[in-house]
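# Analysis of the macromolecular model
Each chain, letter by letter, is given below.
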Amino acid sequence: MAPTRAQRKAEAASGSHAAGPPPDQAPPTAPDRLPFPETDFIALCDALRVTDTIRTAAWQSYEKVLCTCGTVEGHLKKELWGICIFAAAVDLDEMTFTFTELLKCLCISICKFVNRIEEMEDSMDTISTKVGSIVLRLKKKYDVLFALYQKLERTWGQIYADQPSDQNSSERSSSLVLKLCWIIFLLAKGKVLQIEDDLVISFQLLLCVLDYFIKLLPPAVLKEPYKSTVSALSANGSTRTPRRQNVSLRASKQTDTDIKVIEELCKEHDCNLDEVKHVYFTSFIPFLNSVGITASSGLPEVENISSKYEEMYLRNKDIDARLFLEKDQTLQNHTECLQLERTPTKNNPDEDPSGVLRQTPVRAAMNTIQQLMMILSSASDEPSDNLISYFNNCTANPMQDILERVENLGCVFRQKFAEAVGQGCIEIGSQRYKLGVRLYYRLMESILKSEEKRLSIHNFSKLLNNNIFHISLLACALEVVMATYGTQRNASLSDRTSMETDLSFPWIINILDLKAFDLYKVIESFIKAEPNLTREMIKHLECCEHRIMESLAWQSDSPLFELIKQSKERDGQADQLEPASCLTQPPQHNHTAADLYLSPSSTYSAAVPDIQPALVNQPQRPQKSTSLSLFYKKVYWLAYIRLDSLASRLLPDHRDLVHLIWTLFHHTLQNEYELMKDRHLDQIMMCSMYGICKVKNVDLTFKTIVTAYKELPNTNQETFKCVLIREGRYDSIIVFYNLVFMQRLKTNILQYASNRPPTLSPIPHIPQSPYKSNSPLRVPAGNNIYISPLKSPSKFSERLLSPNKMTPGSRILVSIGESFGTAEKFQKINQMMCNSDRHLKRGLEISTVPKPLKRLRFDIEGQDEADGREHLSGESKFQQKLAEMTSTRTRIQNQKLNDEADISTPDQK
């Protein structure tokens, strides 16, 4: 395809594709172009218009690959060149080509490209975190676009009634209007939204686009109920109302008839009508005005709209999403893509051998939002009468402060939300905040009722006048709302390379200026106080709690360190933060948010208690902090679970070492806690494992540890690639071990090599999760079999979890004690369970011991080198490595999906 005018302008502006020499001037001689031994590499660089700097950096990266894997031939070589060029362009900020152009040159799909990047990162460590972040952003954007385009195609089939050619004008053909609808949506999404992976707002915007085109079409080409709705609109003449006018004036003139189309669309797709109307008036109408589109002028010109989108696409240098319309291979969802749950292609369940349809991403998002709406259906935007009674019972009434705090934080939230998503979405931010406030008041009342029953008191003045408690409770409620609307982002909670505008945790605590350690205090009480939280919401809050315990609470400005200091001063440095004997005791989950926020004091009343005169002048001994004690218990549980999981992969023949490693790990957290400041729990875990294996002469390198570590859930490469060494300096984990960890703990580590090793720390008692979900439990190994206890039909939770609310609708429900149905259903269950058994048996045959990485960029010269196993030659070795990594990655991702979905086995914390 010849370059467009916009492309030529972009090339001229970048200076990377200058015009050819004048006729009287000879072309550049060979020495002016950097010499490379591969002419095809030069041709690829020329096609992508890359600079000499990029060519050199890309070739050097390619040579590093060859040093590890030998020579490669064929198309695989070209793919590697393309990846190296892309990585060099990103790292050096010299992107002269779009991502789609690169995919076209390589004849590769985005899914395959992403997997090639991941394979290279896993096997050779040649991909920087910056490149990984860009690839992640592109993959997220693709996932959302893929899901939305599939949704548009299915929805369009429900809207447009194909007519015989003599009745259907070519200028209003189904394919043409669909094309216009998609391109205008892409243009609107790019101009309105700053967060590219926000599935919910993007879908709401798509409904606005559909509303616009449905109103422009003649009723004859529409299916019901849109045919009747548009007929009524045409009779009233409202479909030709010009859109170019003041938004508030337009909104005031909106009649019930005008919004009938949007109402039908929202009803069909379980979308909140008020939210879609907000998107329509505050974002979509201003967008139409900005690009000069009005309903009175009929259907827009495809060329005009497409050229506007192309300018935006060339400027962003990312994905040309118009190619979805052409079923282009670069945007097709291949088997390599495991992250996006595929949309079912069959409308008839009988055609599916399993009898089960998989849930689409859009439908999953809408169902999750509906569940939240049902929870909040009886909630209020203001404190209830019961809450006001609690306020009035306080020594110092907190109501005015509470209302002012909610108002002030609302302004902050709306402003930050608009900055992150787009200024046109400020009203959407208001809606999100309103839902969070409703949940906040609802949970506050529930917590106070529980405390009143537990303590038989009515005066909660100290708790309700605690500013941090209220901000934490509100932040937790808002996080539930944000996660509910951001289901596509939930999967990447552990990713530390997300875009700065991402609304994922810990965004909410950052904008509210709340410390992560303070938020942790309310999470468990929050979950217990709301029995109707869905399984997904509970799992999300648990993930947030884990993030806090493993790193966020250990940031240098955290109040955690002051609590530790006070605890050490209470009985001197010998005082243990949490006695080792407590590790073996089963946990008692009777602590509440009130205990933690008021710790070390447990007095509720604001009045000062009476003090005996003889004790007035005596120094008061600091009380032990309940919040610190519980925090350390939970950290120990989490630390041991992760250690045991890593050791099961690495040390199956040396299980006796696990207790030694745990003792060193526990000692470090207990006595050398300063090593955790601005660092990650897993960094201490890996160093402890390496140190013990070193003194016990067990051959275990950091490369092998890192390889296995990547297989653990919720891990990322920055944990071992970017470790704080000293103030302002970061390096790899092996540098941290040599320069920091070993220097601090050398004496302790060497004790394990002596005949009198340190006393072993008790193995923590690992509790079941204190968080119980009302959601149906998934049978291990999946196949969409769920078991749910009998519930009273009158209960609210039964309405929430009734079969018509469960998705997909074809799940088979087994209820003990009720008539189940036909024998065929039992046969289906037996067949599915047999398939699950075979799947599990195959999984058990795979070795759990990973192979060490051959070369990692963070290695120190001469240390921790790879093993000396025999090399394969050329392409066969590289292809074998890629095949191994692909197989391993597939197994890991499938296991992660099973782990995340399976709560029939008790969760461990």
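In the block above lies the structure referred to throughout.
Residues numbered from 1 in each chain as written. Predicted model: local features only at pLDDT ≥ 70, side-chain atom pairs only at ≥ 80, totals over all residues. Heavy atoms only, no water.

## Observations concerning the overall build of the protein
Our working definition: Secondary structure is summarised from DSSP: a helix means a run of H or I of at least four residues, a strand means a run of E of at least two, and numbering begins at the N terminus for each. Contacts between residues were defined by any pair of non-hydrogen atoms, one from each residue, lying within 4.5 Å. Using the Shrake-Rupley algorithm and a 1.4 Å probe, accessible areas are obtained, with residue cover drawn only from the displayed protein chains.
Along the protein, the regular secondary structure elements total 35 helices and 5 strands. Put simply, of all contacts in the protein between residues at least 6 apart along the chain, 78% involve residues at least 24 apart. Just so you have it, the protein exposes about 40,800 Å², and 50% of that area is on carbon and sulfur atoms.

## Considerations on the pairing of strand β1 (residues 723-726)
Note the threshold: What makes two strands pair is DSSP finding at least two bridges between them.
Note that β1 and strand β2 (residues 729-731) share 3 bridges and pair antiparallel. Counterpart to Leu724 in the pairing with β2 is Tyr730. What sits between the antiparallel neighbours β1 and β2 is a turn of 2 residues, in which Gly728 has the positive phi angle 80 degrees.

## As for the packing of aromatic side chains
Aromatic ring pairs are reported here in terms of the distance separating the ring centres and the angle at which the planes meet. Our working definition: Here a pair means two rings of Phe, Tyr or Trp (six-membered ring of Trp) with centres within 6.5 Å. Their orientation is stacked below 30 degrees between planes, edge-to-face above 60, and tilted elsewhere. For every residue, the accessible area obtained with a 1.4 Å probe (protein chains only) is divided by the maximum for its type, and the residue is called buried under 20%, exposed over 50%, and partly exposed between those limits. A ring is considered to have a charge above it if a Lys NZ or an Arg CZ atom is located within 6 Å of its centre and within 35 degrees of its normal.
Applying the stated criterion to the full structure yields 44 aromatic pairs. Relative to Phe99, the ring of Phe86 has its centre 5.6 Å away and its plane inclined at 55 degrees; by these criteria the two rings are tilted. Within this pair, whereas Phe86 is found in helix α4 (residues 74-91), its partner Phe99 is found in helix α5 (residues 99-106), the two being separated by 13 residues in sequence. By relative accessible area, which is 2% here, Phe86 ends up buried. Judged by centre distance (5.5 Å) and plane angle (35 degrees), the ring pair of Phe413 and Tyr433 falls under tilted. With a gap of 20 residues between them, Phe413 in helix α17 (residues 399-421) and Tyr433 in helix α18 (residues 426-455) connect regions that are remote in the sequence. With respect to burial, Phe413 and Tyr433 carry one shared label: buried. Sitting above the plane of the Phe561 ring, Lys677 keeps its charged end 4.7 Å from the centroid.

## Looking at the side chain of Lys521
The criterion, for reference: Pairs of N or O atoms within 3.5 Å make up the polar contacts considered here, provided that, within protein, one atom can donate a hydrogen while the other can accept it, and that residues adjacent in sequence are counted only when both atoms are side-chain atoms.
Structurally, Lys521 can be placed in helix α23 (residues 516-529). A distance of 3.3 Å separates a polar atom in the side chain of Lys521 from a polar atom in the side chain of Asp518. Among all residues touching Lys521, those that are not within four sequence positions of it are Ala593, Leu596, Tyr597 and Ser627.

## Some thoughts on the pattern of salt bridges
Threshold: Any Lys or Arg side-chain nitrogen found within 4 Å of a carboxyl oxygen on Asp or Glu counts as a salt bridge.
A full pass over the atoms with the stated rule returns 34 salt bridges. For Asp211, the salt bridge is made with Lys215, and the minimal N-O distance between the two is 3.3 Å. Of this pair, Asp211 and Lys215 are both found in helix α9 (residues 199-216), 4 residues apart, which corresponds to roughly one turn of the helix. The pair formed by Asp211 and Lys215 is uniform in burial state, with each residue classed as buried. Between Lys515 and Asp557 there is a salt bridge; the shortest N-O distance is 2.9 Å. With Lys515 in the loop between α22 (507-511) and α23 and Asp557 in the loop between α24 (535-550) and α25 (560-571), this pair connects stretches of sequence that are 42 residues apart. The exposure class of Lys515 is partly exposed, given its relative accessible area of 27%. Residues participating in the shared-partner salt-bridge network are Glu524, Lys528, Glu545 and Lys634.

## A few points about the packing of α9 against helix α15 (residues 361-375)
Rules: All axes are obtained by fitting lines to C-alpha atoms, using only the stretch in contact for helices, and the reported angles, taken between N-to-C directions, cover 0 to 180 degrees. If an angle is under 35 degrees, it is roughly parallel; if it is over 145, roughly antiparallel; if it lies from 65 to 115, roughly perpendicular; otherwise it is oblique. Gly counts as polar in this scheme, as do all residues outside two lists: the nonpolar Ala, Val, Leu, Ile, Met, Phe, Trp, Tyr, Cys and Pro, and the charged Asp, Glu, Lys and Arg.
Close contact between α9 and α15 brings their axes to 10 Å; oriented N to C, the two are set at 105 degrees. Judged by the angle between their axes, α9 and α15 are roughly perpendicular. Contact with α9, carried on its side by Leu199, Val200 and Phe203, involves Pro361, Val362, Ala365, Met366 and Ile369 of α15 and no other residues of that element. Partitioned by chemical class, the residues of the contact of α9 with α15 number 8 nonpolar, no polar and no charged.

## Observations regarding the state of the cysteines
Quick note on the threshold: In this description, a disulfide is simply a cysteine sulfur pair whose atoms lie within 2.5 Å.
For the structure shown, the criterion picks out 0 disulfides. Sulfur of Cys476: no disulfide; nearest cysteine sulfur belongs to Cys544 and is 7.7 Å away. Using a relative accessible area of 1% as the deciding quantity, one classes Cys476 as buried. Looking at Cys544, it has no disulfide partner, and the nearest cysteine sulfur is the one in Cys543, 7.0 Å off. Judged by its relative accessible area of 2%, Cys544 falls in the buried class.

## Let's talk about helix α30 (residues 702-709)
For α30, the tally of buried residues reaches 8 of 8 residues, placing the bulk of the element in the interior. By the burial criterion, the buried members of α30 are Phe702, Lys703, Thr704, Ile705, Val706, Thr707, Ala708 and Tyr709. Next to the buried residues of α30 lie α27 (626-650), α29 (681-695), α31 (718-721) and α32 (733-751).

## Structural notes on unusual backbone geometry
Residues Glu224 and Pro225 are joined by a peptide bond in cis, for which omega reads 5 degrees. For Pro225, the position within the fold is in the loop between α9 and α10 (226-236). Each neighbour pair has its own omega, and for Phe505 with Pro506 the value is 15 degrees, a cis peptide bond. Along the polypeptide, Pro506 turns up in the loop between α21 (487-490) and α22. Positive phi, close to 55 degrees, is recorded for Asp270, a residue that is not glycine. Topologically, Asp270 is positioned in the loop between α12 (260-268) and α13 (273-290). On the basis of relative accessibility, which here comes to 26%, the residue Asp270 falls in the partly exposed class. Its identity as a non-glycine residue notwithstanding, Asn714 has a phi of 60 degrees, on the positive side. With respect to the helices, strands and loops of the structure, Asn714 is situated in the loop between α30 and α31. For Asn714, a relative accessible area of 35% corresponds to the partly exposed category.

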